[in-house]
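Examination of the molecular architecture
Spelled out, the chains give:
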Amino acid sequence: MTTSTTRWHNWAGNVLASPSGRSDPTTVAEVTGVVISAAERGTRVKCVGAGHSFTPAAATDGVLISLDDLTGIESIVPTRDPEGNVDGADVTVWAGTRLHRLGPLLWDLGLAQPNLGDFAEQSLAGAVSTGTHGTGRTAVGMPATVVGLQIVAADGSVLDCSRESDPEVFEAARLGIGAIGIITKLTIHCVPAFALSAEEHPWTLAAALADLEGFASSADHAEFFWFPHTDAVTVRRNTRLPGDADLRPLGRIRELVADEFLSNEAFGALCRAAARRPSLTPRLNRVTARAMSSRAYTDRSYRVFASSRRVRFREMEYAVPVAAATAVLGDLRDMIDRTGVVTPFPVEVRFAAADDVWMSTAYRRDVCYIAVHQFHQMDHTELFRSAEEIFLAADGRPHWGKMHTRTAADLSATVPHFDDFVAVRDRLDPDRVFANQYTEQVLP
Ligand SMILES: Cc1cc2nc3c(=O)[nH]c(=O)nc-3n(C[C@H](O)[C@H](O)[C@H](O)COP(=O)(O)OP(=O)(O)OC[C@H]3O[C@@H](n4cnc5c(N)ncnc54)[C@H](O)[C@@H]3O)c2cc1C
């Protein structure tokens, strides 16, 4: 049933929308009904996940569909390696399932998603649809773990696609920025449950840049946070252990101090101070960097990968070729020093292996993801504009869920399968039932 709704905004608060109605279907048949009835009325439809994209990817002035009531695991098929040993399972998950709920469900089945981002509030379909990734020199982003999808197309038909069945729809829909259809379920390849041994410690940007590729390969999942206006870096290295390894989770008090206080409460206070007196930011960043002490712990993979983020911010993230990343980070540091733009948020540096997903930022190339952030009460315009110039000069590709200014004309020249993607979209949605202001920016 479609009900009237109030205004909608994304998590960061930088995207506002006024949907004409809202629907919370509980079955695939209900999703189909909503799409058909909206299409008949000439109304547009958009599925929203958790609303955690910084771009207007999920915004709509038509019917907002939420799949928050279409969640959980539907089925599991064990998979085998070439020698015939079970090496995980293909797990079919209802599209609205939040990642933070999926982790424990999979763990109870002896399984895990191979990699995750640093945050897990997103829905599985939303995360996949924008190319959400974590870090790891040999780890691929989330869409590359998708082996099958079910989508409701603009004419209401239900399509089951995979590499073998309807491969072009599959390639487009597994990173479809909401433009191909409503995903109702996804089959993702999962690996045997594993633990992560986490190590965090302070370092310097100069040391990280001295051998960035060496750093990227120094652990299964390596990343660092650089505090602009300083040379300070916090390094995070996660090493994979078997699922039955002894766990040494952070004690509750330590966890509270580190995550709740440092990452959120105290950090929020420092950001507000920076917003009131921007000139204090370099000094405040030195305080934040010093507060990030060393720690080591071992826990279930999904608990280590993700943490909570309550301080609101805006973000731009580009994937650049790994070989270009050292120069890009150097240019970013020089730009910040030269222009005087300030941000109390660290720059996050992560890595991913090449994949074969049509719209992926890592399509056929190993990449380094570089993300700049700005506190939501501070102006991001100049920082993001100057950073984007640097990313583009290094052949960077923007994350589909994070702020950027690229248009269809720009993207068609840099995204290898852009025209193939657009052809699938044109075939499945000729009347643009799934269009919104974002698809109008990034697609013809
Ligand atoms: C605090 C924070 C931390 C983040 N950390 C990371 C990170 O570590 N790594 C990373 O890569 N990104 C990260 N992101 C970005 C985030 O993962 C993506 O923007 C992701 O798309 C958000 O998922 P969502 O469920 O909120 O989707 P939404 O933002 O609600 O939607 C995103 C897109 O997916 C489409 N969509 C949603 N559901 C469906 C469906 N069922 N069928 C078809 N289309 C659908 C929407 O229409 C929209 O186009 C972070 C964002 C925030 C706010």
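Definitions and limits used
Residues numbered from 1 in each chain as written. Predicted model: local features only at pLDDT ≥ 70, side-chain atom pairs only at ≥ 80, totals over all residues. Heavy atoms only, no water. Helix = DSSP H or I, 4+ residues; strand = E, 2+ residues; numbered from the N terminus. Rg over C-alpha atoms; globule rule 2.2 N^0.38 Å. Buried < 20%, exposed > 50% of the residue type's maximum accessible area, 1.4 Å probe, protein only. Contact = heavy atoms within 4.5 Å. Areas by Shrake-Rupley, 256 points an atom, 1.4 Å probe, with all protein chains shown as cover. Lys, Arg positive; Asp, Glu negative; His and termini not counted. Charge placed at Lys NZ, Arg CZ, Asp CG, Glu CD. Domains from an automatic or database assignment. Buried area = accessible area lost by both parts, 1.4 Å probe. Salt bridge = Lys/Arg side-chain N within 4 Å of Asp/Glu carboxyl O. Polar contact = N/O pair within 3.5 Å; in protein donor to acceptor, adjacent residues only side chain to side chain. Nonpolar A, V, L, I, M, F, W, Y, C, P; charged D, E, K, R; others polar. Phe/Tyr/Trp six-rings, centres within 6.5 Å; stacked < 30°, edge-to-face > 60°. Lys NZ or Arg CZ within 6 Å of the ring centre and 35° of its normal. Expected span 1.5 Å × (residues − 1). Axes fitted to C-alpha atoms, helices over the stretch in contact; angles between N-to-C directions. Parallel < 35°, antiparallel > 145°, perpendicular 65-115°, else oblique. Left-handed = near helix turned anticlockwise from the far one by under 90°. Pairing = 2+ DSSP bridges.

Assigned secondary structure in the chain consists of 14 helices and 20 strands. A compact globule built from 444 residues should have a C-alpha radius of gyration of about 22 Å, and the chain, at 21 Å, falls within 12% of that. The C-alpha extent of the chain, read off along each of the three principal axes, is 60 × 50 × 40 Å. When each of the 444 residues of the chain is scored for burial, the buried share is 58%. Long-range contacts, defined here as pairs at least 24 residues apart, represent 73% of the contacts in the chain between residues at least 6 apart. Total accessible area computed for the chain in this model is approximately 17,400 Å², and 52% of it derives from carbon and sulfur atoms. Of the charged side chains in the chain, 43 are positive and 55 negative; the average position of the first set lies 7 Å away from that of the second.

In this section: the domain arrangement of the chain. As a measure of interface size, the accessible area lost when the parts come together is often cited. Along its sequence, the chain is organised into domain 1 (73-193) and domain 2 (194-398). Its C-alpha centre places domain 1 at a distance of 25 Å from the equivalent point of domain 2. Facing the 33 residues of domain 1 at the interface are 34 residues of domain 2. Together domain 1 and domain 2 conceal approximately 2,800 Å² of surface at their shared face, both sides included; 57% is due to carbon and sulfur atoms. When the buried surface of domain 1 facing domain 2 is broken down by residue, Trp107, Asp118 and Arg137 rank first, second and third, together holding 30% of it. For the pair domain 1 and domain 2, the interface holds six salt bridges. Residues Arg137 and Asp366 are paired through a salt bridge, measuring 3.2 Å at the closest nitrogen-oxygen approach. If you look at where domain 1 meets domain 2, you find 16 residue pairs in polar contact (both at pLDDT 80 or more). Elements with a minimum of two residues in the side of domain 1 that touches domain 2: helix H2 (99-108), helix H4 (167-173) and strand S12 (182-192). Split into classes, the residues belonging to the side of domain 1 that touches domain 2 amount to 17 nonpolar, ten polar and six charged.

Under the counting rule described, the total for this entry stands at twelve aromatic pairs. Here the aromatic cluster, defined as three or more aromatic residues joined through ring pairs, consists of Trp11, Phe54, Phe119, Phe267, Phe313 and Phe345. The lysine or arginine in question, Arg237, covers the ring of Trp203, its NZ or CZ lying 5.9 Å from the ring centre. Here Arg240 stacks its cationic end above the ring of Phe194, 3.8 Å away from the centre of that ring.

Our next topic: helix H10 (residues 325-339). The end-to-end C-alpha distance of H10 is 21 Å, a good match for the 21 Å that 15 residues give at a rise of 1.5 Å each. All of the buried residues in H10 are Ala325, Val328, Leu329, Gly330, Leu332, Met335 and Ile336. Looking one or two residues past H10, Gly340 carries a phi angle of roughly 80°, positive in sign.

Before going further, it helps to spend a moment on the packing of H10 against helix H11 (residues 381-393). H11 packs onto H10 with a crossing angle of 150° between their chain directions and a minimal axis gap of 10 Å. The angle between the axes of H10 and H11 places the two elements in the roughly antiparallel class. Here H10 runs over H11; the crossing is right-handed. Only Leu383, Ser386, Ala387, Ile390 and Phe391 of H11 make contact with H10, whose side of the interface consists of Val328, Asp331, Leu332, Met335 and Ile336. Across the contact of H10 with H11, the residue classes tally to eight nonpolar, one polar and one charged.

What follows deals with the side chain of Glu388. Here Glu388 is to be found in helix H11. For the buried Glu388, no salt bridge exists, and the shortest N-O distance to an oppositely charged side chain is 4.2 Å, to Arg406. For Glu388, the contacting residues outside a window of four places in its chain are Met316, Tyr318, His404, Thr405 and Arg406.

In this section: the pairing of strand S7 (residues 73-80). Judged from the seven bridges that link them, S7 and strand S8 (residues 86-94) form a sheet pairing that is antiparallel. Among the inter-strand pairings, Arg80 is bridged to a residue of S8, identified as Val86.

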